[in-house]
Amino acid sequence: DVKVTQSSRYLVKRTGEKVFLECVQDMDHENMFWYRQDPGLGLRLIYFSYDVKMKEKGDIPEGYSVSREKKERFSLILESASTNQTSMYLCASSPTVLNTEAFFGQGTRLTVV
Amino acid sequence: AQSVSQHNHHVILSEAASLELGCNYSYGGTVNLFWYVQYPGQHLQLLLKYFSGDPLVKGIKGFEAEFIKSKFSFNLRKPSVQWSDTAEYFCAVNSYGQNFVFGPGTRLSVLP
């Protein structure tokens, strides 16, 4: 089975802190994604990556950056956390662009106080 | 850009009732379509997917969905729901050059 593992299930951070959310997948997938999930809004794409050291902005990249130094690891960085970034963050991976599903991690619930 | 709408925000049913959750997408070209489910406290799991071929797709746990290209729809159905189907359901689409786009979700509550 494909496994996508997010480093933390719950995080509480202070406003202004730099926050790192880590995601690792074990199936050699090319594509990795970071979404945030908010009630009534579904999942919104923050950033994605099609290859090592490659990143593309999604629909809501403001206030975030990403890093993909190794194929299996995709990190989301909140440069200076703000309360409006309190959310559930979901990492996903997929082997190709089309004709495949996305596999999700268990999510990180981040609270910024 | 691609968008996905789901007809209902919250659906409440009694056990054994039939379920239909609506999903419409905006893109007119070749698409892949998905329904994901998120049980309370768990990660998103794939219920079913459509890539090509028979527009009636069967998934896990007795769910099925029908792709109607002319209506840009991919509605999810189950003939008889159980209490354990209580969850949030997300419709998603992707296409060439477009990433996975998700709908806002429909929360299903099944009363015992």
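Each remark here, short or long, concerns the structure printed above.
Note that the coordinates shown come from a computational prediction; the quantities given were computed from them, not determined experimentally.

1. Section: the interface of chain A and chain B
Phase 1 of the analysis: In this complex, chain A contributes 22 residues to the contact, which on the side of chain B involves 22 residues.
Phase 2 of the analysis: With both chains or domains summed, chain A and chain B bury close to 1,800 Å², and 55% of this area falls on carbon and sulfur atoms.
Phase 3 of the analysis: Between Lys49 of chain B and Glu101 of chain A there is a salt bridge whose closest N-O contact spans 3.2 Å.
Phase 4 of the analysis: Applying the counting rule to chain A against chain B returns 7 residue pairs in polar contact (both at pLDDT 80 or more).
Phase 5 of the analysis: If you list the elements that add at least two residues to the side of chain A that touches chain B, you get strand S5 (31–38), strand S6 (42–49) and strand S10 (87–94) of chain A.
Phase 6 of the analysis: Counting residues per element, the side of chain A that touches chain B draws most heavily on S6 of chain A, which supplies 4 residues.
Phase 7 of the analysis: Along the lines of polarity and charge, the residues of the side of chain A that touches chain B split into 12 nonpolar, 8 polar and 2 charged.

2. Focus on the state of the cysteines
Phase 1 of the analysis: Applying the stated criterion across every chain, the model contains 2 disulfides over all chains.
Phase 2 of the analysis: Between the sulfur atoms of Cys23 of chain A and its disulfide partner Cys91 of chain A the distance amounts to 1.9 Å. On the sign convention where negative means left-handed, the S-S torsion of about -80° between Cys23 of chain A and Cys91 of chain A marks this disulfide as left-handed. Taken together, the residues span a long stretch of sequence, with Cys23 of chain A in strand S4 (residues 23–25) and Cys91 of chain A in strand S10 at a distance of 68 residues. Summarising the burial analysis for this pair, Cys23 of chain A and Cys91 of chain A share the class buried.
Phase 3 of the analysis: Here Cys23 of chain B is linked by a disulfide to Cys91 of chain B, with a sulfur-sulfur distance of 1.9 Å. On the sign convention where negative means left-handed, the S-S torsion of about -65° between Cys23 of chain B and Cys91 of chain B marks this disulfide as left-handed. Placement of the pair is Cys23 of chain B in strand S4 (residues 23–25) and Cys91 of chain B in strand S10 (residues 87–95), with a sequence separation of 68 residues.

3. Details of the side chain of Thr108 of chain A
Residues and elements named next belong to chain A.
Phase 1 of the analysis: For Thr108, the position within the fold is in strand S12 (residues 108–112).
Phase 2 of the analysis: What makes Thr108 buried here is its relative accessible area of 2%.
Phase 3 of the analysis: In this structure the side chain of Thr108 is engaged in a polar contact, spanning 3.2 Å, whose partner is the side chain of Gln6.
Phase 4 of the analysis: In this structure the side chain of Thr108 is engaged in a polar contact, spanning 2.5 Å, whose partner is the backbone oxygen of Ser8.

Quick notes on the rules
- Residues numbered from 1 in each chain as written.
- Chains lettered and ligands numbered in written order.
- Predicted model: local features only at pLDDT ≥ 70, side-chain atom pairs only at ≥ 80, totals over all residues.
- Heavy atoms only, no water.
- Contact = heavy atoms within 4.5 Å.
- Buried area = accessible area lost by both parts, 1.4 Å probe.
- Salt bridge = Lys/Arg side-chain N within 4 Å of Asp/Glu carboxyl O.
- Polar contact = N/O pair within 3.5 Å; in protein donor to acceptor, adjacent residues only side chain to side chain.
- Helix = DSSP H or I, 4+ residues; strand = E, 2+ residues; numbered from the N terminus.
- Nonpolar A, V, L, I, M, F, W, Y, C, P; charged D, E, K, R; others polar.
- Disulfide = S-S within 2.5 Å.
- Buried < 20%, exposed > 50% of the residue type's maximum accessible area, 1.4 Å probe, protein only.

None of the figures reported here should be taken as evidence of function without further support.
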